[in-house]
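# Tertiary structure, described
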Amino acid sequence: MVLLLCIAGLFGKDKIWNMESSAFVSAQQEDGRTAWNSGNISLSPGVYRARLSYVTQDDMLNAWSVEADGLSFDGLLANACMLYSGLTETDMYFWLLEDTDSLRLRIVCDESSEVTIRNAAVMETNAGARMFFVIFLTCFVIWDISLYRKEKNAGNDPPEKELERRGIFFGMAVVVLVSSIPLFTGYEIASADLNYHLQRVEGVKDALLAGQFPVRIHPNWLQGYGYATGVFYCDTFLYIPAFLRIMGFPVGAAYLIYKFLVNVGTVVIACESFGRIFKSRLTGLFSAALYTLNIYRLATIYLKDHLGQYTAVMFLPLFALGVWRLLAEDGKGRDYKKIWILLVISVTGIIQSHVLTCEMAAVFSVLTGIVFIRRVFRRETLLEIGKALLGIVLLNLWFIVPFLDFMTTQKLIITGEQVYTRAIQGYGSLLPQLFGIYAIPGAGDGDVSAGMQGEIPFTIGAGLLIGLFYYGYLCLTGRIRQQEKGAMKSLGIFAAVFSALALFMTTVYFPWDRLQGLGGFMEKGVSALQYPTRIYVIAAVFLSLVGGYILLIEKEGGRWKNVWIYAGIAISTLFLVAGMFFSVLLANASFYKIYEENAFGNSYLSGREYLPLGTDESLLKAGRIIHPETVEVRSFQKDHAGIEIELVCADGGGAAYVELPLLYYRGYQAKDVATGERFAVTDGENHVVRVELPDGYRGTIDTSFVSPWYWRAAEAVTAMSWGVFLIYCFRKNARNIGGGTER
């Protein structure tokens, strides 16, 4: 019944309140600006869309907003939005949580500028009902899954097993909640890349609504000129917050929900992966806590907002499980033939999150293969590696082909040689940072010449480092030497050595500059890393394995007192350091309450990597059209799907052209709406789309981005490969591919 009510609420909300220019009254403010206020209207709770038609000659000097009197805290969720000279109409969404009879539109005009108001409107939407539908459906699915698992396990396990299962679930929930504390503020912490990733979310949403799938060009960026971030920085996981946006959630809320889901996914995957490595879910939970609550990971989420990296981190434990099983097992069992699935899923998750993390994982995988070269060159192992590589390529071909195509054919900042010249060694951690006990949040990430003042906590955290020192103690006391030789002992030694190596590589003491000085591929590869501290995510995997191994060896030796002491100190340290980090961060960091795209702009490009080389961003004005005098523009309409422009070219004037407000990327096509005739599209002045026009042309041209045929072919191959892969997993009971048994 509730579901039916939710569905019914999706229809019928179409009321409109129109306002003419005469409805706005001006008033001079104390700061010299002029404010135009509309008359008050009465509204009930819901999600509304406000539209403003205007004319102004200036960019980002004038703003408009929605206001109401007498509302309680957060009774109206809305942002002020800027006005632009190249646009004549804009809109915004606002979320009204209580009744009001004083809602009004407000336009504030700078004293050095002018705004002409044509008309405005407030429109009722179904977004509130869509949000409620998603929330109810999610709760319904979670409840249904819980009941299913409860009935499935009823009477099958002894009481102590059921108690352990509940305890592990409780522990996972605690780790998720602790790692998500900043999300419960309800606002976004002002971090380095927050705007960039919010723009990505909005770009995916706008592109999907315009019918672009998969998303290649984000149409909202740079005043609507578009940005090819979707070609280079895979957006797969951003479809989640983009879907929430389409269903009516504010952009800030959608992003916070995404971060929470990443925390959940990290804990679940890490607990399951480490648990299968150590054949103990309790040990897996301990290692998952170490991994999830390491300070560098928390800093990437809440201080830096490195969305790609902290999403990729979710899959590294699963990749570690696949590599572990690949090298540790004898290759004779039937389950061994399923290991490639683990590698395919984990690497696909990493590639579609953050290519750079994939490259780091690949380097350490090669080093691991060198260490265990004999086991790598077993027939069964090579076969699994081959199947994994083939599966990875096929399942990711839809992203790999466009990525390599643009990297090799487009003249972009990222493909320019000057990108690979910055020395990175000075951006590593100093020794006091590496072994820092307290994590004081900062904002800086400069080189060592600036010292440590104001730096973000470039450390893995004391909770994980305790395990490395404890392992050293076990070596000195001979307990490691006393352990019987086998795969688990090799894992402990390997994880400890490689964690130390990874930590060393994060510092300013590792010879990055010398490696870069070798030139060629080495120079580009090292410089592409940008910051050696990124390798902390790899160190976290190894240190989590060290922590789990310590519990295992102490349990095997019957030293339960040591188990509880080490586990207690490590977990207490994790929680203490994370709590202190969050407390200082939330007490001092600036924050934003962002509800929709127009509130934070669309021009922040972070490193500008995907801009055409030589583009002057200051010339990218909204709605700017350039053409010779022989061309007349009769009408112009731009949306997220492309541009329709009606043109009249003078007879006898020769060939002409029109330059449109779209950044030029290979793939744009222009055709006559009536006849379908295609026109040449070239790289215009300041690298915008230029459409070549024949003499005397009259008509309407539609210009939009169209993926090349071989991109579409790659997408078709990927779609078929996913179909075959999922059928194979289902038939082979892929839910058991992790191998191992609990104890």
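Everything here concerns the structure above.
Keep in mind the model is a prediction, meaning the values are calculated, not measured.

Tallying secondary structure elements over the protein chain gives 26 helices and 21 strands in all. On C-alpha atoms alone, the protein chain measures out to a radius of gyration of 29 Å, which is about the 27 Å that the 2.2 N^0.38 rule sets for 743 residues. Its C-alpha atoms put the protein chain at 90 × 60 × 55 Å along the principal axes. Every one of the 743 residues in the protein chain was classed for burial, and the buried ones make up 52%. Contacts in the protein chain between residues far apart in sequence, at least 24 positions, make up 78% of those at least 6 positions apart. Carbon together with sulfur atoms contributes 61% to the accessible area of the protein chain, which is approximately 33,600 Å² in total. Of note, the protein chain has its 63 positive side-chain charges centred 15 Å away from the centre of its 68 negative side-chain charges.

Take the pairing of strand β5 (residues 46-56) next. Within β5, eight of the 11 residues are buried, which leaves the element mostly enclosed by the surrounding structure. Bridge count between β5 and strand β9 (residues 89-96): eight bridges; the pairing is antiparallel. In the sheet register, Arg49 faces β9, and the bridge partner there is Tyr93.

Attention now goes to the sheet that holds strand β1 (residues 16-20). Here five strands make up an open sheet; going across it, the order is β1-β11-β5-β9-β7 and the pairing antiparallel. The sheet terminates laterally at β1 and β7 (76-77), the two strands that pair on one side only. One ladder, built from five bridges, connects β1 with strand β11 (residues 115-124); its direction is antiparallel. Directly across from Met19, in β11, lies its bridge partner Ala120.

Let's shift gears to a nonpolar patch on the surface. Nonpolar side chains collect at one region of the surface, where Leu431, Phe435, Phe469, Phe504 and Tyr509 lie side by side and expose about 510 Å² of accessible area between them. Of note, Phe469 is situated in helix α19 (residues 462-476).

On to the packing of helix α3 (residues 159-179) against helix α9 (residues 281-292), then. Between α3 and α9, the least distance of the axes is 10 Å, while the angle of their chain directions is 0 degrees. Between α3 and α9, the angle falls in the class roughly parallel. For the pair α3 and α9, contact is made by Glu164, Ile168, Gly171, Met172, Val175 and Ser179 and by Arg281, Leu282, Leu285, Ala289 and Thr292, respectively. In terms of residue class, the contact of α3 with α9 is made up of six nonpolar, three polar and two charged.

Negative phi characterises most residues that are not glycine, and trans characterises most peptide bonds. For the bond running from Phe213 to Pro214, omega is -10 degrees, close enough to zero to count as cis. Tracing the chain through its elements places Pro214 in the loop between α4 (194-209) and α5 (221-224). Despite not being glycine, His687 has its phi angle at roughly 60 degrees, a positive value. Relative to the elements of secondary structure, His687 occurs in the loop between β19 (681-683) and β20 (688-693).

This brings us to the packing of α19 against helix α25 (residues 560-588). Two elements in contact, α19 and α25, have axes separated by 7 Å at closest approach and are oriented at 150 degrees. In this view, α19 runs roughly antiparallel relative to α25, as classed from their interaxial angle. Together, Ala462, Gly463, Leu464, Ile466, Gly467 and Tyr470 of α19 and Asn562, Tyr566, Ile569, Ala570, Thr573 and Leu574 of α25 make up the contact between the two elements. For the contact of α19 with α25, the residue count by class is eight nonpolar, four polar and no charged.

In this structure the tally under the stated criterion is 26 salt bridges. When the shortest N-O distance is used, the salt bridge between Arg245 and Glu202 registers 2.6 Å. Note that Arg245 is positioned in helix α7 (residues 239-246) and Glu202 in helix α4, a separation of 43 residues in sequence. Side by side, Arg245 and Glu202 carry an identical accessibility label, which is buried. With a shortest N-O distance of 3.3 Å, Arg479 and Glu554 are connected by a salt bridge. Note that Arg479 is positioned in helix α20 (residues 479-482) and Glu554 in helix α24 (residues 536-556), a separation of 75 residues in sequence. Residue classification places Glu554 among the buried positions, given a relative accessible area of 1%. Ionic contacts of the salt-bridge type, sharing partners, join the residues Glu67, Asp69, Arg104 and Arg106 into one network.

Before going further, it helps to spend a moment on the packing of aromatic side chains. By convention here, two paired aromatic rings are described through the distance between centres and the angle between planes. If you walk through the whole model with that rule in mind, you get 42 aromatic pairs. When the ring of Tyr427 is compared with that of Tyr531, the centres are 5.6 Å apart and the planes differ by 80 degrees; the resulting orientation is edge-to-face. In this pair, Tyr427 sits in the loop between α17 (397-409) and α18 (431-434) while Tyr531 sits in the loop between α23 (520-529) and α24, placing the two residues 104 residues apart along the sequence. Looking at Tyr427, the relative accessible area reads 17%, which means it is buried. Relative to Tyr566, the ring of Tyr470 lies with its centre 5.2 Å away and its plane at 40 degrees, an arrangement referred to as tilted. Of this pair, Tyr470 sits in helix α19 while Tyr566 is found in helix α25, placing the two residues 96 residues apart along the sequence. As far as the burial class goes, Tyr470 and Tyr566 line up, both buried. Just above the ring of Tyr233 sits the side chain of Arg200; from NZ or CZ to the centre is 3.9 Å. Geometry around Tyr657 places Arg690 over its ring, the cationic atom sitting 3.6 Å from the centre.

The periodicity of an α-helix, 3.6 residues per turn, causes residues three or four places apart in sequence to face the same way. In this model, α24 (21 residues) spans 30 Å end to end at C-alpha, consistent with the 30 Å of a helix rising 1.5 Å per residue. Buried residues dominate α24, accounting for 19 of its 21 residues. Phi turns positive one or two residues past the end of α24, at Gly558, with a value near 75 degrees.

Another point: helix α12 (residues 316-328). With 13 residues, α12 should cover 18 Å at 1.5 Å per step; its first-to-last C-alpha distance of 18 Å lies within 8% of that length. For α12, the tally of buried residues reaches 12 of 13 residues, placing the bulk of the element in the interior. Among all positions of α12, only Leu316, Pro317, Leu318, Phe319, Ala320, Leu321, Gly322, Val323, Trp324, Arg325, Leu326 and Leu327 are buried.

This structure, assessed with the given rule, holds zero disulfides. Here Cys81 stays unpaired: no disulfide links it, and the sulfur of Cys109, its closest cysteine neighbor, is 17 Å away.

The subject of this paragraph is the pairing of strand β21 (residues 698-705). When strand β15 (residues 642-649) meets β21, the two strands line up antiparallel, connected through six bridges. Looking across to β21, one finds that Glu644 is bridged to Asp702.

Conventions adopted
Residues numbered from 1 in each chain as written. Predicted model: local features only at pLDDT ≥ 70, side-chain atom pairs only at ≥ 80, totals over all residues. Heavy atoms only, no water. Helix = DSSP H or I, 4+ residues; strand = E, 2+ residues; numbered from the N terminus. Rg over C-alpha atoms; globule rule 2.2 N^0.38 Å. Buried < 20%, exposed > 50% of the residue type's maximum accessible area, 1.4 Å probe, protein only. Contact = heavy atoms within 4.5 Å. Areas by Shrake-Rupley, 256 points an atom, 1.4 Å probe, with all protein chains shown as cover. Lys, Arg positive; Asp, Glu negative; His and termini not counted. Charge placed at Lys NZ, Arg CZ, Asp CG, Glu CD. Pairing = 2+ DSSP bridges. Patch = residues over 30% accessible without salt bridge, like charges linked within 9 Å, V, L, I, M, F, W, Y side chains within 5 Å. Salt bridge = Lys/Arg side-chain N within 4 Å of Asp/Glu carboxyl O. Axes fitted to C-alpha atoms, helices over the stretch in contact; angles between N-to-C directions. Parallel < 35°, antiparallel > 145°, perpendicular 65-115°, else oblique. Nonpolar A, V, L, I, M, F, W, Y, C, P; charged D, E, K, R; others polar. Phe/Tyr/Trp six-rings, centres within 6.5 Å; stacked < 30°, edge-to-face > 60°. Lys NZ or Arg CZ within 6 Å of the ring centre and 35° of its normal. Expected span 1.5 Å × (residues − 1). Disulfide = S-S within 2.5 Å.

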